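Summary of structural features
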Amino acid sequence: MTPAIPLGLLGLVDAAFSGFRAYAGSDARIRKQRATARAALRGLAVGAVLLLAPTLTATLLLLTAGDRARAYDTLTAGGLGYLLPLTVYATAVLLSLAAYFALPFRASTLAMVIGLGPLTLLRPLAIAAACLGGVLNGGGTSALLVGAIAGAAVLCVEPVVHRRWYHHVW
């Protein structure tokens, strides 16, 4: 199994949430579903472009490798190691989001404060854990390179979206 597809999907979902986070709190309107959907789509678009960097890096590593089968196996092992910590992190985020949307107003606010807020701050640590997982699973330096570029790409989505569309709000 190649972990590229689940990792790409996780990156795109994270990019959509990053677009939402760049917009969140910048609009005092009560009904802002269209604006939040637009912000998520902006994050998704920026993330799709930025996630081309690790894709191109992995492609170049495969094309320039002396033994492509071994390079592919190494990147696959690293990707699987990268996937485990990110899946744990994404599960925690999804549980917090489910609590936020399913609970009454006060409880959902609490879910936001004790769940989604700290989880947003832990994103860089989750990516560092994923990079470590990729190396420890046998991915070596090539998987670390691709993982670090992917991590930098997803961490850049929110600042790019904020700077491009929502900088005037703060």
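For every chain, the first residue of the written sequence is number 1, and numbering continues from 1 onward in sequence order. This being a predicted model, a pLDDT of at least 70 is required before a residue's local features are given, and a value of 80 or more before pairs of side-chain atoms are given or counted; all residues contribute to the totals for chains, interfaces and linings. The basis for every side-chain value is the complete set of heavy atoms in the structure, and neither hydrogens nor water enter the calculation.

So, about the environment of leucine 12. Where helices and strands are cited, they refer to DSSP runs of H or I of at least four residues and of E of at least two residues respectively, numbered from the N terminus. Within the secondary structure layout, leucine 12 lies in helix α1 (residues 4-23). Only protein chains enter the accessibility calculation, which uses a 1.4 Å probe; a residue is then buried when its area is under 20% of its type maximum, exposed when over 50%, and partly exposed in between. On the accessibility criterion, leucine 12 (29% relative accessible area) is partly exposed. Taking the C-alpha atoms as reference, leucine 12 lies 19 Å from arginine 164; in sequence the two are 152 residues apart. By the convention used here, residues are in contact when the closest approach between their heavy atoms is within 4.5 Å. Here leucine 12 is in contact with Leu44, Gly47, Ala48 and Leu51, once residues within four sequence places are set aside.

Once that is clear, we can look at helix α2 (residues 33-50). The end-to-end C-alpha separation of α2 is 26 Å, in line with the 26 Å expected for 18 residues at 1.5 Å each. Of the positions making up α2, those classed as buried are Ala35, Thr36, Ala39, Gly43, Val46 and Gly47. The buried residues of α2 occupy an angular sector of 110 degrees when projected down its axis, which confines them to one face. Summarising the geometry of α2, the exposed residues directed more than 90 degrees from the buried face are Gln33, Arg34, Leu41 and Val49. Next to the buried residues of α2 lie α1 and α6 (123-166). To estimate how far a helix should extend, the number of its residues minus one is multiplied by 1.5 Å. Our arc is simply the arc of the directions from the helix axis toward the C-beta atoms.

Mean pLDDT for the protein: 90, with 95% of residues reaching 70 or above. The secondary structure element of the protein with the lowest average pLDDT is helix α5 (residues 105-121), at 84, and the one with the highest is helix α3 (residues 52-64), at 96. Confidence scores labelled pLDDT are given residue by residue by the predictor and lie between 0 and 100.

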